[in-house]
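Per-entry structural report
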Amino acid sequence: MTRPQLRTFVVGFAAAAVVLGLLASLVGVEDLLQELSRANSRDVAVVVGLHVIWLVAWGLALRAVLAALDISVKPVQSILLFTAGMATNNVTPLGQAGGEPFTALLYSSEFGVDYEESLAAAVSADTLNFVPSVALALGGVGWLALTASVDDDLLTVVLAAAAVAFLVLLAARPVWRRRSSVAGRVADLLTSPFRKIGGVIPRISPPTREGIVRRIEGFLRAVERVGTDPRRLAFALTFSIAGWTMQALGLWVAFAAVDASIPFALAVVAVTLTPLAGATPMPGGTGGIEAALIALFVAAPFGVGTSTIAAAVAIYRVVNYWLPTLSGGAVAIAVASRSDRM
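What counts as what
- Residues numbered from 1 in each chain as written.
- Predicted model: local features only at pLDDT ≥ 70, side-chain atom pairs only at ≥ 80, totals over all residues.
- Heavy atoms only, no water.
- Helix = DSSP H or I, 4+ residues; strand = E, 2+ residues; numbered from the N terminus.
- Buried < 20%, exposed > 50% of the residue type's maximum accessible area, 1.4 Å probe, protein only.
- Contact = heavy atoms within 4.5 Å.
- Expected span 1.5 Å × (residues − 1).
- Polar contact = N/O pair within 3.5 Å; in protein donor to acceptor, adjacent residues only side chain to side chain.
- pLDDT = per-residue confidence, 0-100.
- 1 Å grid on protein atoms, 1.4 Å probe; cavity = no way out; pocket = protein on both sides within 12 Å on 5 of 7 lines; lining within 4 Å.
- Points joined across faces, edges and corners; volume = space filled by probe spheres on them.
- Nonpolar A, V, L, I, M, F, W, Y, C, P; charged D, E, K, R; others polar.
- Core = buried A, V, L, I, M, F, W, Y, C linked by side-chain atoms within 4.5 Å.
- Axes fitted to C-alpha atoms, helices over the stretch in contact; angles between N-to-C directions.
- Parallel < 35°, antiparallel > 145°, perpendicular 65-115°, else oblique.
- Left-handed = near helix turned anticlockwise from the far one by under 90°.
- Salt bridge = Lys/Arg side-chain N within 4 Å of Asp/Glu carboxyl O.

Here we look at the overall build of the chain
A tally of regular secondary structure across the chain gives 13 helices and 0 strands. In sequence order, the chain lays out its α and β elements as α-α-α-α-α-α-α-α-α-α-α-α-α. A total of 342 residues make up the chain; the buried ones form 45% of that total. Long-range pairs, those at least 24 residues apart, make up 75% of the contacts in the chain between residues at least 6 apart in sequence.

As structure tokens, then:
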């Protein structure tokens, strides 16, 4: 790890610690610790188990994506590599956007394929996980509107977040149709900075514009191969929905662990929409996601106290963040240690 990278990680984690500290102080540290101390340990264990199933489901979704690219891997291998990718997302700023290049490097090293193909696999898997989240969020909002008394302001905020996610999907379609021209424009933007880097750093040969275009087109061809395999897409989407369901169940059970109850539909909405708050300079969205979850549940009129909400969110996020970070980090280190590409 270079010094700039290390400095970025340290600053990011420090910022996350400050945000989490502010949240704890607003809630009340003593009240939060008291709620956590009485949490049901069996329910907490269930939260852990549900998150293990989540990692397995999304690891199998990755395997379906890799199969569409003619990369054959065993189920256990895809699950471990997906978890390693989650770890890179969790320790880099901007969440998945910051972690994808490192995840692709892991895949490329482990599978012995081109970096562009590995990046396409990582991006395709994350995109396939994003698509059903929008449908699940909208379905959860609709169910809440029909079955529960939800504050109009809360519904407005949730619908606005769902609309943003939906617009992202709509915007992707025209961009994809013009992908060849987009590739040329991206190459134009990158060529000059790469030349400057090559002029400053010794032994670095900056890529030509043609080389950049060739790499982008290789990436786009790999993504297209994934998108034109309906059977693999169906498998991946099924496992993706299963993973989202496990996370929502984990959040729902986390509330049960502190003797609180929320509608399962609200847990679905929270799990599928709050990752949008993860696009922050803090590693894995830490701090931003917790704040969004607490704000969402505080605004929900279901009679749950703020300290209880914070305790449930803390249980959920500790498992949701640290389980893949620690286990996946160990896998990533193992892959890097035996690779000559990293």
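Side note on helix H10 (residues 230-257)
With 28 residues, H10 should cover 40 Å at 1.5 Å per step; its first-to-last C-alpha distance of 40 Å lies within 8% of that length. After H10 finishes, the residue Asp-259 shows a positive phi value of roughly 60 degrees.

A look at helix H3 (residues 41-68)
Residues that lie three or four places apart on an α-helix share one face, since the helix turns once every 3.6 residues. Counted at 1.5 Å a residue, the expected span for H3 with its 28 residues is 40 Å, and the 41 Å between its end C-alpha atoms agrees. The N-cap residue of H3 is Asn-40: its side-chain oxygen and the backbone nitrogen of Arg-42 are 2.9 Å apart.

Some remarks on unusual backbone geometry
One non-glycine residue with positive phi stands out, namely Asp-259, at about 60 degrees. If you trace the backbone, Asp-259 turns up in the loop between H10 and helix H11 (264-273).

Structural notes on the confidence of the model for the chain
Averaged over every residue, the pLDDT of the chain is 75; residues scoring 70 or more account for 63%. Ranking the elements of the chain by mean pLDDT puts helix H8 (residues 179-200) last with 53 and H3 first with 93. Low pLDDT, under 50, characterises residues 197-206; the predicted model gives this stretch 4 contacts beyond four residues in sequence or across chains.

Topic: empty space enclosed by the protein
Going through the model one piece at a time under the given rule, you end up with 3 cavities of 30 Å³ or more. Volume-wise, the largest cavity comes out at about 70 Å³. Lining the largest cavity are Leu-62, Phe-82, Gly-85, Met-86, Asn-89, Glu-100, Thr-103, Tyr-107, Ala-122, Ala-125 and Asp-126. Of all the secondary structure elements, the ones that give two or more residues to the lining of the largest cavity are helix H4 (75-90), helix H5 (96-111) and helix H6 (115-147). Considering each element in turn, the lining of the largest cavity owes the most residues, 4 residues, to H4. Of the residues that constitute the lining of the largest cavity, the class distribution is 6 nonpolar, 3 polar and 2 charged.

Looking at the nonpolar core
Counting residues in each nonpolar core, the largest one holds 68 residues, and the members touching the most others are Phe-111, Leu-251, Phe-255, Leu-293 and Phe-297. Among the secondary structure elements, those contributing two or more residues to this core are H3, H4, H5, H6, H10, H11, helix H12 (288-299) and helix H13 (306-337). Not counting residues up to four positions away in its chain, the partners in contact with Phe-255 are Ala-260, Ile-262, Phe-297, Val-304, Ile-309 and Ala-312.

So, the side chain of His-51
Within the fold, His-51 resides in helix H3. Exposure remark for His-51: the relative accessible area of 0% places this residue in the buried category. Not counting residues up to four positions away in its chain, the partners in contact with His-51 are Gly-250, Tyr-316, Val-319, Asn-320 and Leu-323.

Focus: the packing of H6 against H10
Contact pair H6 / H10: the axes reach a minimum separation of 9 Å and the direction vectors enclose 55 degrees. Judged by the inter-axis angle, H6 sits oblique to H10. Crossing angle aside, the handedness with which H6 passes H10 is right-handed. Only Leu-233, Ala-236, Leu-237, Ser-240, Ile-241 and Trp-244 of H10 make contact with H6, whose side of the interface consists of Leu-128, Asn-129, Pro-132, Ser-133 and Leu-136.

A short note on the environment of Ala-242
Looking at the secondary structure, you find Ala-242 in helix H10. C-alpha of Ala-242 to C-alpha of Ala-57: the two residues are 185 residues apart in sequence and 6.4 Å apart in space.

Concerning the pattern of salt bridges
As enumerated under the stated definition, the model contains 2 salt bridges in all. Glu-35 is the partner of Arg-38 in a salt bridge, and the nearest nitrogen-oxygen pair spans 2.6 Å. Residue Arg-38 is classed as partly exposed on the basis of its relative accessible area of 44%. In this structure, the salt-bridge partner of Glu-290 is Arg-317, at a minimum N-O distance of 2.8 Å. Here Glu-290, found in helix H12, pairs with Arg-317, found in helix H13; they are 27 residues apart in sequence, far enough to count as distant. Here Glu-290 matches Arg-317 in class, with each residue buried.

Looking at the packing of H12 against H13
Contact geometry of H12 with H13 gives a least axis separation of 10 Å together with a crossing angle of 140 degrees. Considering the angle they form, H12 stands oblique to H13. Considering how the two elements wind past one another, H12 and H13 form a crossing that is right-handed. Touching Ile-289, Glu-290, Leu-293, Ile-294, Phe-297 and Val-298 of H12 are Thr-306, Ile-309, Ala-310, Val-313, Tyr-316 and Arg-317, all from H13. Residues of the contact of H12 with H13, tallied by class, amount to 9 nonpolar, 1 polar and 2 charged.

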